[in-house]
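Letter by letter, the chains look like this.
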Amino acid sequence: MRNKKFAYINFFDERLLSFSPNDYEKLMQAFYELYGDVEYFVFDEIQSVKGWGRFLSRIRTTKKIIGTGSSSSLLSGELSTSLTGRYVGFTLYPFSFGEFLKFKGVKLEKTGCIQQKASRK
């Protein structure tokens, strides 16, 4: 999101436990007060708020929306029902150990065994 005008909220925050569909308009007002005019709205863990599908469908007509979450409900048919054809889904998996080492620049040689020097104390 570098060089993009965006607003972000994480619904996993315990201060938002009582957030309800009636609060969406207040949220949008707060976004505009804090960030001014934005191009993107980023909603993290949006699945934890009732009515999120209708809310996103309404604002997606004028803004770009990124909704993220870690719940299985986002992977199920609930997502396609809520946004019917208006979404692109991405499943993001954590790195495997080999991918992590590659990312960190560690190179492994295929020798068949791991050798360690014995330490003497």
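All values derive from a computational prediction rather than experimental measurement. (Residues numbered from 1 in each chain as written. Predicted model: local features only at pLDDT ≥ 70, side-chain atom pairs only at ≥ 80, totals over all residues. Heavy atoms only, no water.)

Q: How would you explain the sheet that holds strand β3 (residues 64-68) if you had to name every residue and give the values?
A: If you trace the three strands from one edge of the open sheet to the other, you get β1-β2-β3, paired in parallel fashion. Strands at the two margins of the open sheet, each flanked by one partner only, are β1 (6-10) and β3. If you compare each strand with its neighbour and ignore which way they point, the axes differ by 10 degrees on average. In terms of strand pairing, strand β2 (residues 40-44) meets β3 through five bridges, oriented parallel. (Pairing = 2+ DSSP bridges. Helix = DSSP H or I, 4+ residues; strand = E, 2+ residues; numbered from the N terminus. Axes fitted to C-alpha atoms, helices over the stretch in contact; angles between N-to-C directions.)

Q: A description of helix α2 (residues 52-59) should follow, citing residues and the corresponding values.
A: Across the eight residues of α2, six count as buried, placing the element largely inside the fold. All of the buried residues in α2 are Trp52, Gly53, Phe55, Leu56, Ser57 and Ile59. (Buried < 20%, exposed > 50% of the residue type's maximum accessible area, 1.4 Å probe, protein only.)

Q: Explain the packing of aromatic side chains to me, and be specific about the residues and the numbers.
A: With the rule as written, the count across this model stands at eleven aromatic pairs. An angle of 20 degrees between the planes, with centres 6.4 Å apart, marks the rings of Phe11 and Phe43 as stacked. With Phe11 in the loop between β1 and α1 (24-35) and Phe43 in strand β2, this pair connects stretches of sequence that are 32 residues apart. For the pair formed by Phe11 and Phe43, the shared burial category is buried. Consider the rings of Phe95 and Phe103, whose centres lie 5.6 Å apart with planes at 50 degrees: the pair is tilted. Just as Phe95 is exposed, Phe103 falls in that class too. (Phe/Tyr/Trp six-rings, centres within 6.5 Å; stacked < 30°, edge-to-face > 60°.)

Q: Explain a nonpolar patch on the surface residue by residue, including any values.
A: Where nonpolar side chains cluster on the molecular surface, the patch consists of Met1, Phe6, Tyr8 and Ile66 and spans about 330 Å² of accessible area. Along the polypeptide, Phe6 turns up in strand β1. (Patch = residues over 30% accessible without salt bridge, like charges linked within 9 Å, V, L, I, M, F, W, Y side chains within 5 Å. Areas by Shrake-Rupley, 256 points an atom, 1.4 Å probe, with all protein chains shown as cover. Salt bridge = Lys/Arg side-chain N within 4 Å of Asp/Glu carboxyl O.)

Nothing here speaks to function; it is all geometry.
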